[in-house]
Amino acid sequence: MNMIQDLRQTAPRPVMRPRLHPVFGKLGPMPAASLRAMVGYGLNEAEIGRYFGVTPSSVRRLKRSLGVCDRAAE
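Residues numbered from 1 in each chain as written. Predicted model: local features only at pLDDT ≥ 70, side-chain atom pairs only at ≥ 80, totals over all residues. Heavy atoms only, no water.

### Regarding the overall build of the protein
What the protein contains, in helices and strands, is five helices and zero strands. Sequence-ordered secondary structure for the protein, helices as α and strands as β, is α-α-α-α-α. Evaluated residue by residue, the protein yields a buried proportion of 26% over its 74 residues. Restricting the contact set of the protein to residue pairs at least 6 apart, pairs at least 24 apart contribute 62%. As displayed, the protein offers around 6,100 Å² of accessible surface, 57% of which is attributable to carbon and sulfur atoms. (Helix = DSSP H or I, 4+ residues; strand = E, 2+ residues; numbered from the N terminus. Buried < 20%, exposed > 50% of the residue type's maximum accessible area, 1.4 Å probe, protein only. Contact = heavy atoms within 4.5 Å. Areas by Shrake-Rupley, 256 points an atom, 1.4 Å probe, with all protein chains shown as cover.)

Right, dumping it as structure tokens:
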């Protein structure tokens, strides 16, 4: 074995955390619960986006990815 192969086998691998979209950080530690609460209060995507400082399209994408339904759809 050459030296490079030996180093690759013995070097510790970095811990890879899943990359989250920066918008998730704006919604706090529980983004799905935050969105459900805002939808439950009757806010639309534009109002939710204004509250959290994100665009309405980001709110729509987050709702879709987190499985949060509109209040009217329930």
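### A short note on the environment of I48
Tracing the backbone through its elements, the reader meets I48 in helix α4 (residues 45-52). With a relative accessible area of 0%, I48 lands in the buried category. Considering only alpha carbons, one finds I48 and S34, 14 residues apart in sequence, at a separation of 9.8 Å. Residue contacts for I48: discarding those within four places in its chain leaves L35, M38, V39, L43 and V59.

### Describing the packing of α4 against helix α5 (residues 56-66)
As a packed pair, α4 and α5 sit with axes 8 Å apart at the nearest point and diverge in direction by 105 degrees. The angle between the axes of α4 and α5 places the two elements in the roughly perpendicular class. Side by side, α4 and α5 meet where E45, A46, I48 and G49 of the first sit next to P56, V59, R60 and K63 of the second. A class-by-class count of the residues in the contact of α4 with α5 yields four nonpolar, one polar and three charged. (Axes fitted to C-alpha atoms, helices over the stretch in contact; angles between N-to-C directions. Parallel < 35°, antiparallel > 145°, perpendicular 65-115°, else oblique. Nonpolar A, V, L, I, M, F, W, Y, C, P; charged D, E, K, R; others polar.)

### Let's talk about α4
Among the residues of α4, E45, I48, G49 and F52 are the ones counted as buried. In a view along the axis of α4, the buried residues occupy a sector of 100 degrees, so they form one face of it. Turned more than 90 degrees off the buried face of α4, the exposed positions are R50 and Y51. Once α4 finishes, G53 follows within two positions and takes phi at roughly 80 degrees, a positive value. (Arc of directions from axis to C-beta.)

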